[in-house]
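Observations on the three-dimensional arrangement
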Amino acid sequence: MNCPRIEVDLSKIRRNTQTVARRLGPREIGVTGVTKAVCGHPAIAQAMLDGGAFGLADARINNVQRLRQAGITCPVTLIRTPMLSQVDEVVQLCEASYNTEIAVIAALASAAIRKDKVHGIILMVEMGDQRDGILPENLADIARQVMKMPGAVLKGIGANFACLSRIAPTASQMASLYDLANEIEGVCGPFLKTVSGGNSANLPWALGSQDTGRINDLRLGEAILLGVEPVSGDRIGGMHTDAFTLIAEVIETGEKPAPFPIALVDPTLAKLRIVPTNGVSTRLILAMGHQDTDVLGLSMPEGCIMIGATSDHLLIGANRSTLRLGSEVRFQMNYKALMHAMAAPDIEVKPLYDLPVKQPRQIQGKSEHLTLV
Ligand SMILES: *Cc1c(COP(=O)(O)O)cnc(C)c1O
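My aim in this report is to walk through the structure given alongside it, one point at a time. Remember, predicted model here, so these are calculated numbers, not experimental data.

Turning our attention to helix H3 (residues 61–69). Buried within H3 we find Ile61, Asn63, Val64, Leu67 and Arg68. Mapping the buried residues of H3 onto a view down its axis gives an arc of 155 degrees, with all of them on the same face. Seen from the buried face of H3, the exposed residues on the opposite side, beyond 90 degrees, are Asn62 and Gln69. Positive phi appears at Gly71, one or two residues downstream of H3, with a value of about 95 degrees.

Put into structure tokens, the structure is as follows:
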């Protein structure tokens, strides 16, 4: 089998989605599955949908294209404000997009008219993360302008927390968000269909004891894919944290005098530090490096420690004699390691299916005569 490769247990992605969807359901919060960390991988996206996500979202139009080419027809929202140069593709491939710039919204509306479509606009509000967003005091004015644009329909508002700042949203920030939704409706009249509360960092708030008000959507990537809450890094109860496994092959092995005179890396602290090499008897080199993943985001298998990495080599110390030339070593990944590895051209992504594969549209019919090459 190809190395390095990522094995994806689709049943775990599906069950993670089910778990959050069932917990959020009674609060009338729907799950939008975010596929950007897996580059819009269609089988992973489908597992999110099978688990109860009512739609998908991605930050990049190329990823959305990949979903559409695989025959995925559910609503897809672009969660990064569109580039002016891509408005035609956005209108073609996405039902709606998150927006912060009135000139982009106008361009989307014109593109939609050209294609005889109506494009949904969700206004992203800046509520403290200090990344993208419209300031709350300017929101009503922009909403009013969107209302006047044929080709665009004001679909909702949303906020994003903890992406840049790493600070989890507070209950009062969330209350301000749904107060804003009421205010916009007071000014503009329409019923806002979507009030999107944020990303995986919102789960502790959404599942907490307080009222979740009008928030009816969360955009979840990391929680579904890795089963963790991003701010604390803690596992979310009942969720699988091992849906993804990165597998690399040993290309050099040999007894070397220990301890190794080298700075070792502690992946959990994500910084360099010297760690004792007691018990490590073998130094192994694996065919994988910085070009393939964020090596600081790998968790070492039992009995192994990270020694270091270069662009194409990963050095680990092992106290197990079972690892030989040609052996496969299996790693779990954090979000950053996952994101890089999924985008690495030399890593094969191997979905492990537990349900019959849905036939993509292109090969319906006499598929038994088709040969896979
Ligand atoms: C990446 C992203 C998400 C999903 O974030 P997770 O932490 O992976 O759940 C949601 N919304 C926006 C705008 C994003 O950029």
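Structure's up, so let's keep going.
Examined against the element boundaries, Leu207 turns out to sit in the loop between helix H8 (203–206) and strand E9 (217–220). Remark: the alpha-carbon pair of Leu207 and Arg23, spanning 184 residues in sequence, is separated by 7.3 Å. With residues near it in sequence (within four places) discarded, Leu207 still touches Arg23, Leu24 and Arg27.

Ile13, Leu123, Ile157, Leu225, Phe244, Leu298 and Phe331 are the most contacted members of the largest nonpolar core, which totals 107 residues. Summarising the domain contributions, this core has at least three residues from each of domain 1 (9–226) and domain 2 (244–333). Setting aside residues no more than four positions away along its own chain, Leu123 makes contact with Asn99, Ile105, Ile134, Leu139, Ile142, Ala143, Val146, Leu154, Gly156, Ile157 and Gly158. Counting residues in hydrophobic clusters, the runner-up holds 7 residues, among them Ala57, Ala59, Tyr98 and Met124.

Attention now goes to the environment of Pro345. Inspection of the secondary structure assignment puts Pro345 in the loop between helix H10 (335–343) and strand E18 (348–352). What makes Pro345 exposed here is its relative accessible area of 77%. Residues Pro345 and Asp292 lie 53 residues apart in sequence; the distance between their C-alpha atoms is 8.0 Å.

This next bit is on the packing of helix H1 (residues 10–24) against helix H2 (residues 42–50). Helix-helix packing is described using two parameters, namely the angle between the two axes and the distance between the axes. Across the interface, H1 lies against H2 with an axial gap of 7 Å and an inter-helix angle of 40 degrees. In the packing of H1 onto H2, the handedness of the crossing is right-handed. Here Leu10, Ile13, Arg14 and Thr17 of H1 come into contact with H2, specifically with Ala43, Ile44, Ala47, Met48 and Asp50.

Next up on the list: unusual backbone geometry. In this chain, Cys3 is followed by Pro4 through a cis amide linkage whose omega measures -10 degrees. Positive phi outside glycine occurs at Glu28, with the angle close to 60 degrees. Tracing the backbone shows Glu28 in the loop between H1 and strand E2 (30–34). One non-glycine residue with positive phi stands out, namely Asp116, at about 60 degrees.

This part is about the pairing of strand E6 (residues 119–125). Regular strands place side chains that alternate from one sheet face to the opposite one. Where burial is concerned, most of E6 is hidden: 7 out of the 7 residues are buried. The alternating pattern of E6 places His119, Ile121, Leu123 and Val125 and Gly120, Ile122 and Met124 on opposite faces, both of which are buried. Pairing geometry for strand E5 (residues 96–99) and E6, over 4 bridges, is parallel. Paired with Ser97 across the strands is Ile121, a residue of E6. Considered for its hand, the β-α-β crossover made up of E5, helix H5 (residues 102–114) and E6 is right-handed. Examined bridge by bridge, E6 and strand E7 (residues 152–159) share 7 bridges and lie parallel to one another. Of the residues in E7, the one forming a bridge with Ile121 is Leu154. Where the polypeptide runs from E6 across helix H6 (residues 136–147) and back to E7, its parallel neighbour, the crossover connection is right-handed.

Cut-offs and rules
- Residues numbered from 1 in each chain as written.
- Predicted model: local features only at pLDDT ≥ 70, side-chain atom pairs only at ≥ 80, totals over all residues.
- Heavy atoms only, no water.
- Buried < 20%, exposed > 50% of the residue type's maximum accessible area, 1.4 Å probe, protein only.
- Helix = DSSP H or I, 4+ residues; strand = E, 2+ residues; numbered from the N terminus.
- Arc of directions from axis to C-beta.
- Contact = heavy atoms within 4.5 Å.
- Core = buried A, V, L, I, M, F, W, Y, C linked by side-chain atoms within 4.5 Å.
- Domains from an automatic or database assignment.
- Axes fitted to C-alpha atoms, helices over the stretch in contact; angles between N-to-C directions.
- Left-handed = near helix turned anticlockwise from the far one by under 90°.
- Pairing = 2+ DSSP bridges.
- Right-handed = clockwise from strand over helix to strand, strands pointing away.

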